[in-house]
Every structure is written in structure tokens, then in C-alpha cells.
Number of protein chains: 2
Amino acid sequence: MAEAKEPRPDPTRRPHLGMRAGELDGKWYAKYWNPVMAPLPGHVRDAITLGPQAPPLCLSLDDAGRLSDAGYQEFENGYSLLDDGSMYVAALTRMPGASPAMVDWWFGWHATETQRYKLWYPRAHLYAQWHGDAVDRSTPYRARYLSGTSFVDEYVGNVLGRLAIRFVRPGRLGFDEDGLAPDEATAICATVGMSQVPLDWGWLVHYVRRVRDGAEMRSRFWMGGGHVATRAGARLGSELEAAAEGVRRLGEGQARAMVVHCSQEMNHLASFLPALFEEYERRR
Amino acid sequence: MAEAKEPRPDPTRRPHLGMRAGELDGKWYAKYWNPVMAPLPGHVRDAITLGPQAPPLCLSLDDAGRLSDAGYQEFENGYSLLDDGSMYVAALTRMPGASPAMVDWWFGWHATETQRYKLWYPRAHLYAQWHGDAVDRSTPYRARYLSGTSFVDEYVGNVLGRLAIRFVRPGRLGFDEDGLAPDEATAICATVGMSQVPLDWGWLVHYVRRVRDGAEMRSRFWMGGGHVATRAGARLGSELEAAAEGVRRLGEGQARAMVVHCSQEMNHLASFLPALFEEYERRR
């Protein structure tokens, strides 16, 4: 069976929320653990209050590469629900003092250790395990995560997700990779799937570009509906079909929770990424 | 039948929302009736915007007594929905100029008269009737409500609840009663049940402690799911079973409505309690 060949996260893991005594002992980055989350920015609060937006305002997955156009789109924050049962989520995060290269670094650095992953979202992140090619300090930041899979357990709202985030090259979603000079812009692109069964249920892009005082991240998620697909040639048996049914038709609660989750984690990240990265670089 | 022995609110009551002409005639506290509710505090608005939080962040009912620990918990405002169908609700209310003893007094004083109860939440409170031991002016404030039952009709969101709030000793929920000196802290603890049928569907605690400029109240509700239980040895017949089914699996709308209700009534109470209490004391 195709499924058997797929990597899976450690089935014996017993993740817990929060940081317990001793878990940060000896970690040079311990001081970046802050369980008090950065507040949700006003522009995201306002967008959520508006409820689901008209579907034609959504950027289609096929046009994801247009995030690298100058300026902003007409739908930078909030969510929509589409006729095929899918949801669209958008969030803008301002990251003063950060750079696109720092965000590339973050995606390679955080994924290999649960404690690092928890820095990102102390109220929701439970577990991280990396599956990918070996890298070393000479590997460019972006190449450290490309083609790898991040297995994570995390709450989105009150729902526990056991996810496989498989990073893909930006070109796969229509970005001109030559235009993504690490100091100027990056596009973190991935499929979002379940880690326990070979089922993907969507795509994400975090497009990050330099702005005057640092960087800004424009996140997009396309999940559910027509985006649900088996992985690794798996056939839709009854177990997989049940899992697929659970994500084919998404509701407003899930879309809101996803906007909040994305915005909370990225704003919290923005609060410590420049200092964390600078200290990492200093220690090399 | 065990149910027959249970006290019930007056079956002939015809409650109405709001205050009609004459209903406050001769009441010394008439001037504290203010139908314009105090606004929801920003920290509660923000918490609601975040949607349901991860269940491991919730204080468990068994640990309720930990509210008397110094400092704050990681989940002081907002709500969660748990796998057993229950909901968890938390709200912090600042009460400048108030004291824990005033809140103890309020719980004994308001419950014996509908008009007093309506002061608390003019947009939602309909009816109050007290069942408990006789008290007089020499009875300490806390002892006036402990072991009594407050029958109330009130809206939570748009849903009318006919409730039996049965107060219990704080020790029942794990509080060290010796540590609850009336001037320093109090913990109002109760089961929340239906008044028409012998069914409880949850618990509440309002833990109040002195702070520099007055008092603060930290409220918690555990409702639905595994908290649903019959009272007075009643058996789950078909009528009771139908009532139980209605509260076993609670949804996001109910949880949000409960946060809003609790925060609105407590903030409104905070707006007049110090003056009301002072006048009460002056008139003794």
C-alpha cells in the first residue's frame, strides 16, 4: 500500500500544552518563551467582525503568485466560505525590524524541536517533528525547509489538529522564484494535510516582503472543498473517506478560528523574531 | 417521587422584562435602576474575538480552589468548548471602590425581590424568588445566601432560562474557607440548574479579591457535558432526558452568550454596587 511508505510522526508521542519545568534548561533561546500572546491587531479584529466576504473577492489558488505584485489586494484580511465547501483565509502581519530572510530562517529553525515550535504560539502549539534532508550551517535558510515536512500537533480554536505541513517550491504556486531575492521577499508555500492519514486538505502561502521599517507577511489559506486530496497515491478507503468528509465542507467557526490562529501566531512571532534571529547569528 | 419535594418557583408568575410604572414606588434603592448597561470591557471584547480557546488552558472544576492563588491564570477571559460537550467560560470584572464583602452582601440582598434582581441586568433579568433560611440584619453577609436557592428567570443571549442557582460552601469546590476573610476575598459558589425540572447543568464560581483600588471578580462557569446531573435523586425519565439532551452538547453561540452575559451583569453591578451598599449601610 502506498500509505505505508509515507513518513509519520512518532506514534508514541504524548504532547502537552505549555512549557514544563526543565524543558527549556540549557536552551539558549529560553528567554524568548513568553506565554502572554501578542494582541490580535485591530485590522484583523475588524475584518473578523465583518463575517464572511463575497467569494469573488478571494484570490484563487491558481493566482497565488500575484501576491508578489506591488501594492495590496482588495482582500488582505478576513475570510470567506465558498460554494464548494472550502474556506479562504487572509491575514496581514506587520513585522517591524524583521526581514524576509529571517522568516525563511524561522521556518527551517523552529520545525526540528517542539520547544522552538512552542515559542511561536504558547496557547496552541503542542508538538513538532521534522522530516527532511539533513542541513548544516552552510545551507541557505530557504533550502533548509524546502522539500521537507513539518509534523505538528496544534489547536486551531478548540480543535486539535495533527498536521503534516509539506513545503513546496514557490514556483509550484506560480511565483517567479528569480524574483524572490532572500533580502527582498520570500513565499513560504506548503500543502496542509493530516499526519495520521494520507490526506491533504489545503494550501498555504506566507508571502513576506521588505517594507520601510522591516517586513510584512501576507498569509493565505485555501482549505477544504475542492482542495481535499489524497497523498502518495492513497485510495479513498472508508477511513480516509470519513476523514475527507470532515474537511470537505468547512464552516464559519473554522474560518474564523483559522484567521485568529494565523494572526496570533504571526504577530507573536513578530514580537521576538528579530531579537531571536540576531542572537542566533551572533552565536554562529 | 423525589421531585415533588423540591421547592419550585411560583408557577403563576408572569415575569416581564424592564421596569413598569409604579414598580419602584417606595423603594429606597429606586435611583440605582439604570437601563443603560455599562459597556463590555475591552479585554472581554478582545477575548470573545479570539473564539474558542484550547481546552488544556481551562481550569478544571476540581481545581477551582486555585483561583485563590496569587496572580492570574493563563485563561482569565473567554471561552472554550470541550470534547464532552461542555463549555468553559471565564471573565474578569474590575470593581473599583468595591470590596469582597459588598459582593457577599449583594448575593444575599438582591435575590429576595425581582426589582432588586433587575437592577443587575436591566436588559436580561426577569424574575427572582428566594428559597432559604430566614436571615436578619445580624446574619453575616455570606451566611445570608449560603445554602439557599435563587430561582431566577433571565435571558442569556436570546434564550430564556428558568434557573435554580443553589449556593454551596466554597469548601465544596476546594477553597480554603479560612483563607476567605470577608474583607480580603470571597468565593461565591453555586450549582446552576433548571428550576422547572430537577436537573443541574453546571457550576459557577465568582472569586472576588481585594485589589488596590477596590476589588476584582474572576468568574468561571463549567456547564453542560459531564456536568449535567439530576437533583434530589430524580430519575431520568423521558421529560428529564429531553431537558438533559438540550444541555449536554453546548455550542459556540451559548458559550459566547454566557461570557457576554456574565461580563455585562458584573460590570453593570460594579457601576453602582459601592454606592448602593453604602446607602444600605447608612440606613440600617
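Residues numbered from 1 in each chain as written. Chains lettered and ligands numbered in written order. Predicted model: local features only at pLDDT ≥ 70, side-chain atom pairs only at ≥ 80, totals over all residues. Heavy atoms only, no water.

Rules: UniProt positions are given in the numbering used here, feature names are shortened, and annotations may be inferred rather than shown by experiment.
As annotated in an unreviewed UniProt entry, chain A carries the name DAPG hydrolase PhiG domain-containing protein and comes from Kitasatospora cathayae. According to the UniProt record, the Cofactor (unreviewed entry) comment for chain A is "Zn(2+)".

## Some details on the overall build of chain A
To keep things clear, this is the line we draw: Secondary structure elements follow DSSP: runs of H or I of four or more residues count as helices, runs of E of two or more count as strands, with numbering from the N terminus. Atoms counted for the radius of gyration: C-alpha only. Globule rule: 2.2 Å times residue count to the power 0.38. The buried label goes to any residue with under 20% of its type's maximum accessible area, the exposed label to any with over 50%, and the partly exposed label to all in between, with areas taken from a 1.4 Å probe on protein chains only. Only the protein chains shown count as cover for residues, and all accessible areas are computed by the Shrake-Rupley method using a 1.4 Å probe. Under the counting rule used here, the positive set is Lys and Arg, the negative set is Asp and Glu, and His together with the chain ends is not counted. Each charge is placed at NZ for Lys, CZ for Arg, CG for Asp and CD for Glu.
When helices and strands are tallied, chain A shows 7 helices and 9 strands. Scaling as 2.2 N^0.38, a compact globule of 284 residues should have a C-alpha radius of gyration of about 19 Å, and chain A matches this with 18 Å. The dimensions of chain A, computed from C-alpha atoms along their principal axes, are 50 × 45 × 35 Å. By the burial criterion, 60% of the 284 residues in chain A qualify as buried. Split by element, the accessible area of chain A, about 12300 Å² in all, is 50% carbon and sulfur. Within chain A, one finds 33 positive and 35 negative side-chain charges whose respective centroids are separated by 5 Å.

## Some words on the relation of the copies chain B and chain A
Cut-off, in case you're wondering: Superposing copies: least-squares fit, C-alpha atoms only, residues required to have pLDDT of at least 70 in both. Any pair of residues with heavy atoms lying within 4.5 Å of one another is described as a contacting pair.
Once chain B has been moved 0.1 Å along the axis and rotated by 119°, it coincides with chain A to within an RMSD of 0.0 Å. Such a turn and shift between the copies fits a three-fold axis. Across chain B, the smallest distance between a C-alpha and the rotation axis is recorded for Thr49 of chain B, namely 4.7 Å. The fraction of interface residues of chain B whose copies in chain A are also interface residues is only 12%, indicating that the copies meet through different surfaces.

## As for the environment of Leu81 of chain B
Turning to its location among the elements, Leu81 of chain B is positioned in strand β1 (residues 78–81). Taking the relative accessible area as the measure of exposure, Leu81 of chain B reaches 11% and is therefore buried. For the pair Leu81 of chain B and Ala54 of chain B, spaced 27 residues apart in sequence, the C-alpha separation works out to 8.2 Å. Setting aside anything within four residues of it in sequence, one finds Leu81 of chain B in contact with Asn158 of chain A together with Pro52, Pro55, Ser86, Met87, Leu250, Gly251, Glu252 and Ala255 of chain B.

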